[in-house]
Each structure stands twice: as C-alpha cells, then as structure tokens.
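# Structural features, examined
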Amino acid sequence: MSIVDRLPSADLSQLRRDFPILRQQVHGKPLVYLDNAATTQKPQVVIDRLSRYYAEENSNIRRGLHALGDRATDAYERARDTVRRFLNADDNREIIFVRGVTEAINLVAQTYGRTHVGPGDEIVISEMEHHSNILPWQVLCDEKGARLRVIPITDAGELCLDRYEQLLSDRTRIVAVTHVSNALGTINPVAEIVRRAHARDIPVLVDGAQAPGHGGVDVQALACDFYAFSGHKVFGPTGIGVLYGRARLLDAMPPYQVGGGTISSVTFEHTGYTEPPGRFEAGTPHVAGAVGLAAAIEYLTAVGLERVEAYERALLTYAAGALSHVPGLRFTGMARDKAGILAFVMEGVHPHDIATIVDRAGVAIRAGHHCCQPLMARLGVPATARASLALYNTREEIDVLASALAEAREVFT
Ligand SMILES: Cc1ncc(COP(=O)(O)O)c(C=O)c1O
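So, here's what we can say about the structure. (Residues numbered from 1 in each chain as written. Predicted model: local features only at pLDDT ≥ 70, side-chain atom pairs only at ≥ 80, totals over all residues. Heavy atoms only, no water.)

Tallied over the entire structure, the rule returns 8 aromatic pairs. Seen in terms of ring centroids, Phe-19 and Phe-235 are 6.0 Å apart; in terms of plane orientation they differ by 65 degrees. Their pairing is edge-to-face. Residue Phe-19 is located in the segment before strand S1 (25-26), and its partner Phe-235 is located in the loop between strand S9 (226-230) and strand S10 (241-245); the two are separated by 216 residues in the primary sequence. For the pair Phe-19 and Phe-235, a shared accessibility class is recorded, and that class is buried. Aromatic pair Phe-19 and Tyr-299: ring centres 5.8 Å apart, planes at 85 degrees, arrangement edge-to-face. With Phe-19 in the segment before S1 and Tyr-299 in helix H9 (residues 287-303), this residue pair connects regions lying 280 residues apart in the sequence. Relative accessible area serves as the criterion here: at 0%, Phe-19 is assigned to the buried category. (Phe/Tyr/Trp six-rings, centres within 6.5 Å; stacked < 30°, edge-to-face > 60°. Helix = DSSP H or I, 4+ residues; strand = E, 2+ residues; numbered from the N terminus. Buried < 20%, exposed > 50% of the residue type's maximum accessible area, 1.4 Å probe, protein only.)

The structure is reproduced here in structure tokens:
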C-alpha cells in the first residue's frame with residue numbers, strides 16, 4: 001500500500017519507499033537514480049497492477065464474447081478515460097494508445113502530414129528538438145519536397161519567439177515543438193506558440209515526453225492540436241504511450257498502420273475504416289501497458305501534481321546551487337523557466353568519463369548527445385552530462401552527486 005495518503009508535508013522524499021528498485025545498492029553504494037529524463041522508476045502499485053492484470057483479467061479486447069474479454073476491454077477503456085482526465089481532453093476518442101512519443105509523432109507525420117504537406121510547404125520545428133521530433137518531419141519533407149524551418153534558441157537555451165513569428169508563413173503546414181527540452185530542461189511557452197500558430201490556422205503538435213511526470217498537463221489550456229507522451233517517463237510501463245489529437249483532425253485523418261481493430265468492413269476490393277481511436281490502434285494493443293499507465297497516473301494524481309511540481313522546483317534550485325560549487329562545471333541550459341533537468345560540461349573531463357566515475361559512487365546520470373545532435377552543434381559541444389530529477393529524489397542524493405562530480409574533476413586534472 002502506498003504511503004501517499006500519510007504524507008505529512010510537502011516533503012515527497014518519503015515516497016521513495018513506494019519504489020522497490022531504489023532500495024538496491026550499486027557498486028556497494030546506495031543507488032542514486034538521476035536519469036529520470038531517460039526513464040522513470042515504477043512504484044509498487046504499478047508493478048502490482050500489471051501482475052493483477054495478467055493474473056486475473058488477461059484476454060484479447062473488443063472481440064471477446066466472454067466474461068474475461070469484457071473485463072480486459074473494460075480495463076483498457078477505463079485506462080483511456082483515466083488518460084483523458086489526466087490531460088483534460090474533451091473526449092475519449094481523442095486518446096490514442098501508441099508505443100510512445102516516437103510512434104505518436106511518426107503517426108501524425110505519416111497521416112496528417114502526408115495528406116496536408118506538399119511540394120514547397122514548410123514544417124516548423126525548433127533547434128532543441130529530440131531526434132524523434134526531427135526525423136519523422138525530415139522524412140516527410142524528403143518525400144514531399146517540403147522544407148524544415150527551425151526556430152533558433154538563445155544562448156540561455158530559450159526559443160527565440162521573434163524568429164518563430166517570422167518563420168510562420170502561408171506555406172507552414174504544421175508546427176512541432178517540445179514542451180520541455182530533455183537536454184536543456186527549458187519549459188517552452190507552448191500556449192503562446194500555439195496562439196501565434198493558430199492566428200494563421202496552423203496546427204501545433206507538442207512533444208510532451210518530458211512534461212507530464214513533473215506536473216499537470218491541460219491540452220485545452222494549451223489549446224494544442226496534438227500532444228504526445230510516453231508511459232515509461234511518467235512512472236508507467238515501457239511500450240505504451242499516448243497521442244492526444246483534436247477530434248476534428250483525427251476524424252479526417254487516414255489510418256497509420258492497418259489491420260485488425262481499424263476497420264468497419266473489409267472486402268477484397270475495399271476497406272472501410274472505423275472511427276478514432278480504433279482507426280489508429282491496429283492489431284492487439286498493449287492492454288497491460290495501458291492499464292499499468294492508468295495506475296501510474298492514478299498514483300501521480302494521488303500524490304498531487306502541484307505538489308510534485310513544487311517539490312521538484314525546490315529540488316532543482318537546491319541542485320543548481322550544489323553543482324555550481326563543483327570546480328570547472330558549466331551548465332548548458334539556463335532558461336528562466338526550467339524543469340528538473342541539469343545538463344552540464346566540465347572543463348578537462350569528457351561527459352562519458354563523468355558518468356562512469358559517478359556511477360562508481362552509485363549515481364546514475366546520463367552523458368551523450370541525448371538524441372539532440374543538432375542542439376549539441378548549436379551549443380558547440382559533442383556531448384553533455386545530465387542529471388534529471390523525479391519526485392523520489394532527495395537533497396541528500398544531490399549532495400552525493402556533487403561530491404562524486406568533484407571527485408571526477410580531481411581524477412582528471
Ligand atoms: C523530448 C523527447 N522527445 C521524444 C522522446 C522519445 O520518447 P520515446 O523514446 O519514449 O518514444 C524523448 C525520449 O527521451 C524525449 O526526451
């Protein structure tokens with residue numbers, strides 16, 4: 001049973017007891033897991049929910065003319081409803097289960113994109129995008145003879161909104177931007193980005209991979225047209241994610257993959273496709289994943305989204321202070337509005353060496369290009385090191401990271 005209800009204060013660090021993986025030691029030291037932007041750990045309630053699904057409810061969905069089939073279908077559709085409420089979407093038809101953000105963006109590029117983008121058209125993305133929000137558009141542009149336009153960023157790691165405005169034109173067919181940068185931590189002003197695009201009737205896709213695990217997301221307040229997130233980054237299972245799409249747009253989109261579940265009728269000559277969301281969920285979906293994701297969302301909601309956001313903000317401030325005392329360390333990404341992601345380089349030490357050395361102290365951080373090679377080029381570095389926070393991290397863990405970093409610096413200088 002979770003301790004969420006018994007939490008006395010804004011201190012969420014006690015929540016770590018809900019996450020069994022965090023109890024282990026690595027290289028003889030307590031695990032300090034600070035790679036949450038890559039994937040988050042799972043609370044016991046999610047692990048138990050997956051186990052209960054397979055022990056008591058597993059069946060194929062939709063096709064069941066039996067009790068178990070109904071139970072699994074119910075669980076799957078209830079999970080959809082949980083996601084809809086989490087995103088504050090209007091209608092369950094707007095919630096499509098996919099494998100994750102990468103699949104969601106490919107889906108939009110290959111369906112909405114293919115039908116709306118033609119030769120000479122333009123797609124606007126930003127300089128801080130993850131490869132998953134670059135490549136699907138690049139492929140589409142190559143296929144259609146269209147052009148990618150890129151919003152530049154400032155040295156602090158914020159989008160240049162003036163330049164964005166100038167990039168929008170009669171040729172722009174879609175804007176696709178990240179909500180929170182996985183490599184900088186920047187929180188982008190999505191509502192403003194959407195407002196400016198909508199003034200020209202241009203739809204906006206938001207890559208929400210790094211946002212929903214750290215506070216609430218309201219797709220109606222953002223007014224975006226598509227929003228994608230991955231279950232594994234919000235304390236849920238891998239292999240499941242969500243594409244939110246405005247009903248009016250989804251209704252007019254052709255299917256992405258085709259097969260069982262997507263059709264209304266089939267002959268050898270012709271196929272009629274069903275309504276969303278079924279039209280976009282070909283084959284047997286990841287039912288257990290959807291159910292596990294719903295359990296993760298319920299957990300997060302029970303903790304309190306505002307509480308999580310406030311806790312992580314305070315922890316980020318503490319971490320920025322602690323790391324700023326490490327000799328030779330320089331942050332990359334100093335946006336005014338930032339999520340719990342600290343990326344940095346260290347004079348004289350390669351990021352991979354930093355990660356390897358702190359690993360010996362039990363600390364898991366990430367180093368590399370973070371699937372953002374064009375951003376690394378803009379920053380003028382091949383790679384950075386990155387510590388990323390979640391609700392179960394503590395100040396004590398930040399202290400362990402800071403001293404491990406100081407040690408790494410000593411080893412190499
Ligand atoms: C900003 C951003 N976009 C997209 C992705 C891709 O997510 P997934 O691998 O879950 O599809 C990630 C993953 O790290 C990300 O951080």
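Structurally, the position occupied by Arg-248 is in helix H8 (residues 247-251). Taking the C-alpha atoms as reference points, Arg-248 and Glu-94, separated by 154 residues in sequence, lie 9.2 Å from one another.

In the contact formed by helix H1 (residues 44-57) and H9, the axes pass within 9 Å of each other and the chain directions differ by 150 degrees. Classified by chirality, the crossing of H9 by H1 is right-handed. Where H1 abuts H9, its residues Val-45, Val-46, Arg-49, Leu-50, Tyr-53 and Tyr-54 lie against Val-287, Ala-288, Val-291, Gly-292, Ala-295, Ala-296 and Tyr-299. (Axes fitted to C-alpha atoms, helices over the stretch in contact; angles between N-to-C directions. Left-handed = near helix turned anticlockwise from the far one by under 90°. Contact = heavy atoms within 4.5 Å.)

The next point concerns the nonpolar core. Counting 104 residues, the largest nonpolar core has Leu-87, Val-175, Tyr-227, Phe-229, Leu-323, Ile-365 and Leu-405 as the members making the most contacts within it. It is H9 that provides the largest number of residues to this core, a total of 12 residues. Val-98, Val-108, Val-117 and Ile-123 belong to the second-largest nonpolar core, a separate cluster that totals 28 residues. (Core = buried A, V, L, I, M, F, W, Y, C linked by side-chain atoms within 4.5 Å.)

Taken together, the side chains of Val-258, Ile-263, Val-266 and Tyr-273 make up a nonpolar region of the molecular surface, amounting to roughly 340 Å² of accessible area. Tracing the backbone through its elements, the reader meets Val-258 in the loop between H8 and strand S11 (263-266). On the accessibility criterion, Val-258 (51% relative accessible area) is exposed. (Patch = residues over 30% accessible without salt bridge, like charges linked within 9 Å, V, L, I, M, F, W, Y side chains within 5 Å. Areas by Shrake-Rupley, 256 points an atom, 1.4 Å probe, with all protein chains shown as cover. Salt bridge = Lys/Arg side-chain N within 4 Å of Asp/Glu carboxyl O.)

The next subject is the side chain of Asp-121. For Asp-121, the location among the structural elements is in the loop between helix H3 (101-116) and strand S5 (122-126). Among the polar contacts listed, one links the side chain of Asp-121 to the side chain of Arg-171, at a separation of 2.9 Å. With sequence-adjacent residues up to four places away left out, Asp-121 is seen in contact with His-116, Ala-146, Arg-147, Arg-171 and Arg-173. (Polar contact = N/O pair within 3.5 Å; in protein donor to acceptor, adjacent residues only side chain to side chain.)

So, on to the pairing of strand S7 (residues 172-178). In regular strands, side chains alternate between the two faces of the sheet. Along S7, 6 of the 7 residues are buried, which leaves the element largely enclosed by surrounding structure. With 3 bridges connecting them, S5 and S7 associate as parallel partners. Looking at the pairing, Ile-123 lines up with Ile-174 of S7. Both S7 and strand S8 (residues 204-207) contribute to a ladder of 4 bridges, which runs parallel. Following the sheet pairing, Thr-178 is matched in S8 by Asp-207. Taken together, S7, helix H6 (residues 190-198) and S8 constitute a β-α-β crossover, and its handedness is right-handed. (Pairing = 2+ DSSP bridges. Right-handed = clockwise from strand over helix to strand, strands pointing away.)

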